[in-house]
Amino acid sequence: MSLLPRGRCRGAAAATAARRLLLGPQGRVSGSHVCNQYRASGSLSEEKKEFLQNGPDLQDFVSGDLSDKSAWAEYKGNLKRQKGERLRLPPWLKTKIPMGKNYNKLKNTLRSLNLHTVCEEARCPNIGECWGGGEYATATATIMLMGDTCTRGCRFCSVKTAKNPPPLDPEEPYNTAKAIAEWGLDYVVLTSVDRDDMPDGGAEHFAKTVSHLKERNSKILVECLTPDFRGDLKAVEKVALSGLDVYAHNVETVPQLQRKVRDPRANFEQSIRVLKHAKEVQPGIISKTSIMLGLGETDEQVYSTMKLLREADVDCLTLGQYMQPTKRHLKVEEYITPEKFKYWEKVGNDLGFHYTASGPLVRSSYKAGEFFLKNLVEKRKTKAI
């Protein structure tokens, strides 16, 4: 993932800084002299003593988590990009190295069945938390159907692109259902690359996968995070009527930045039509979308976009920080603070979204959202809401 090497580099930098404070700029002293320096702590300045007392320990370096949450408010780095500048990563966006039994189990199963996840392809910063089980002990992986190569070239996305990707794997719907059955999940997210090379954009492939999943486990809850199918509403219907529980499609950013951020074949109005039509043909499903912040949007534009989404009867909204996946992609224009994300969460709830997940590391398939959506779907099925 793009975040982890940076975290490790900063860990090494912090270690070097600590060593220089102890040893001086040359850094060439014997081990016994280092011990003597520690014992003779009285000779250290108060600033150096405080640095050693509050600085990272070995476990911090091993985990890659060097952030001190109490210091977030005091972070002095730039949050808005100046011309020619590349912003440094603030402490609240540093994540742990993914590890654990669940993480390894999911990764091995995916490789053995030739399946892909957007978690890996899009370098999601939450991969360790979601795959490892996280807060709710429900391991979550978002399966990416139809291969790992997209026909579009959005400027925020690190997924591979090609005009004519390899043909679809006809066994993928069955293999996906098999893998999910092995994991024992009760909520799964299916997404895909754009396949403009196919007549229906891959809608039938989505529908078959949902059908196989429901055949194996009728109680499993399925979310489909779909492309816009070039605005083909028949393709939208095919997926919406497949038996899924949550229909998700991401508008990605505010209307004013669509041409800058997304492929020219995508636009805000088309995405709104997709979300509205899914609810029109299947009123019982839950609709969901996502917005990235930090691309240069204004607060007024964000608020206006949220209002438009609610007017389109979108049920759930996620807002997260845009993270530049490689140097070839759009630069981050601003790092939004955790406090500002909390503000947008309140705005979303006040506007009437059933659920608003808003935070720096929140992504459209974030596991906390799925935990909530699972309960929301079940309540709707019992007519509780």
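Predicted model only: the values in this text are computed from it and were never measured. (Residues numbered from 1 in each chain as written. Predicted model: local features only at pLDDT ≥ 70, side-chain atom pairs only at ≥ 80, totals over all residues. Heavy atoms only, no water.)

### Concerning the pattern of salt bridges
Any two side chains of opposite charge can pair, so long as their charged atoms come close to each other. Stated formally: A pairing counts as a salt bridge when a side-chain nitrogen of Lys or Arg comes within 4 Å of a carboxyl oxygen of Asp or Glu. Here a helix means four or more residues in a row that DSSP labels H or I, a strand means two or more in a row labelled E, and each is numbered from the N terminus. Each residue gets one of three labels from its accessible area relative to the maximum for its type: buried under 20%, exposed over 50%, partly exposed in between, using a 1.4 Å probe on protein chains only.
In total, this model carries 18 salt bridges according to the counting rule given. Asp-228 is the salt-bridge partner of Arg-152, the closest N and O atoms lying 2.9 Å from each other. You can see Arg-152 sitting in the loop between β3 (149-150) and β4 (160-161) and its partner Asp-228 sitting in the loop between β6 (221-225) and α10 (233-240), a full 76 residues away along the chain. Across the pair, exposure class does not vary: Arg-152 and Asp-228 are buried alike. The salt bridge partner of Asp-200 is Lys-238, with a shortest N-O separation of 3.7 Å.

### Examining helix α14 (residues 338-351)
As a reminder, the rule being used: A helix is expected to reach a length of 1.5 Å times the quantity of its residues less one. In this description, one arc is meant: the one made by directions from the helix axis to the C-beta atoms. The criterion used for residue contact is that any of the two residues' heavy atoms lie within 4.5 Å.
The first and last C-alpha atoms of α14 sit 20 Å apart over 14 residues, in line with the 20 Å expected at 1.5 Å per residue. Regarding α14, the residues found buried are Pro-338, Phe-341, Trp-344, Val-347 and Gly-348. Seen along its axis, α14 keeps its buried residues to an arc of 165°; they face one direction. Among the exposed residues of α14, those oriented more than 90 degrees off its buried face are Glu-339, Lys-342, Lys-346 and Asp-350. Packed against the buried residues of α14 are β8 (286-293), α13 (299-311), β9 (316-321) and β10 (355-358). Gly-352, located one to two residues past α14, shows a positive phi value of around 105°.

### Observations concerning the environment of Pro-255
With respect to the helices and strands, the residue Pro-255 is situated in the loop between β7 (246-248) and α11 (258-261). The partly exposed category is assigned to Pro-255, whose relative accessible area is 28%. Once you skip the residues sitting within four places of it in the chain, Pro-255 turns out to touch Phe-268, Thr-305 and Leu-308.

### Remarks on the pairing of β6
Note the following rule: DSSP calls a pair of strands paired once it identifies at least 2 bridges connecting them. Seen with the strands pointing away from the viewer, any crossover whose path from the first strand over the helix to the second strand runs clockwise is right-handed.
Of all five residues that make up β6, five are buried, and the element is covered over most of its length. Here β6 shows a buried face lined by Leu-221, Glu-223 and Leu-225 and a second buried face lined by Val-222 and Cys-224. Of the pairings in the sheet, the one linking strand β5 (residues 187-192) to β6 comprises five bridges and is parallel in character. Within β6, the position partnered with Val-188 by the bridge is Val-222. In this region the chain leaves β5, passes through helix α9 (residues 203-216) and returns to the parallel neighbour β6; the handedness of that crossover is right-handed. Here β6 runs beside β7; their pairing, made up of three bridges, is parallel. Of the residues in β7, the one forming a bridge with Cys-224 is Tyr-247. Tracing the backbone out of β6, into α10 and back to the parallel element β7 gives a crossover that is right-handed.

### As for the confidence of the model for the protein
Our working definition: One number per residue, pLDDT, summarises how confident the predictor is, and it ranges from 0 to 100.
This prediction gives the protein a mean pLDDT of 75; 63% of its residues lie at or above 70. The low-confidence segment residues 56-68 (pLDDT under 50) makes 21 contacts with residues lying over four places distant or belonging to another chain. Throughout residues 131-137 the model reports pLDDT below 50, and contacts reaching past four residues in sequence, or to other chains, amount to 22 contacts.

### So, the packing of helix α8 (residues 172-183) against α9
The cut-off we apply is this: Only the contacting stretch of a helix is used when fitting its axis, a line to C-alpha atoms as for every element, and angles between N-to-C directions run 0 to 180 degrees. Handedness of a crossing is defined here by the sense of rotation of the near helix relative to the far one, left-handed for an anticlockwise turn of less than a right angle and right-handed for a clockwise turn. Gly counts as polar in this scheme, as do all residues outside two lists: the nonpolar Ala, Val, Leu, Ile, Met, Phe, Trp, Tyr, Cys and Pro, and the charged Asp, Glu, Lys and Arg.
Their axes nearest at 8 Å, the elements α8 and α9 cross at an angle of 35°. Both α8 and α9 take part in a crossing whose hand is right-handed. Counted together, Glu-172, Pro-173, Tyr-174, Thr-176, Ala-177, Lys-178, Ile-180 and Ala-181 of α8 and His-205, Lys-208, Thr-209, His-212, Leu-213 and Arg-216 of α9 form the full contact between these two elements. Looking at the contact of α8 with α9 residue by residue, the classes come out as six nonpolar, four polar and four charged.

### A closer look at the side chain of Asp-148
To keep it simple, the criterion reads: Think of a polar contact as two N or O atoms within 3.5 Å of one another; within protein, one of them needs to be a possible hydrogen donor and the other a possible acceptor, and neighboring residues in sequence only count if both atoms come from side chains.
Tracing the backbone through its elements, the reader meets Asp-148 in the loop between β2 (142-145) and β3. Assessed through its relative accessible area of 17%, Asp-148 is described here as buried. Separated by 3.2 Å, the side chains of Asp-148 and Thr-149 make a polar contact. A polar atom in the side chain of Asp-148 sits 3.2 Å from the side chain of Lys-160.

### Digging into the environment of Pro-173
Its place among the elements puts Pro-173 in helix α8. Look at Pro-173 and you get buried, because its relative accessible area is 3%. Counting along the chain gives 39 residues from Pro-173 to His-212, while the straight-line C-alpha distance between them is 6.7 Å. Pro-173 has contacts with His-205, Lys-208, Thr-209 and His-212, leaving out every residue within four places of it along the chain.

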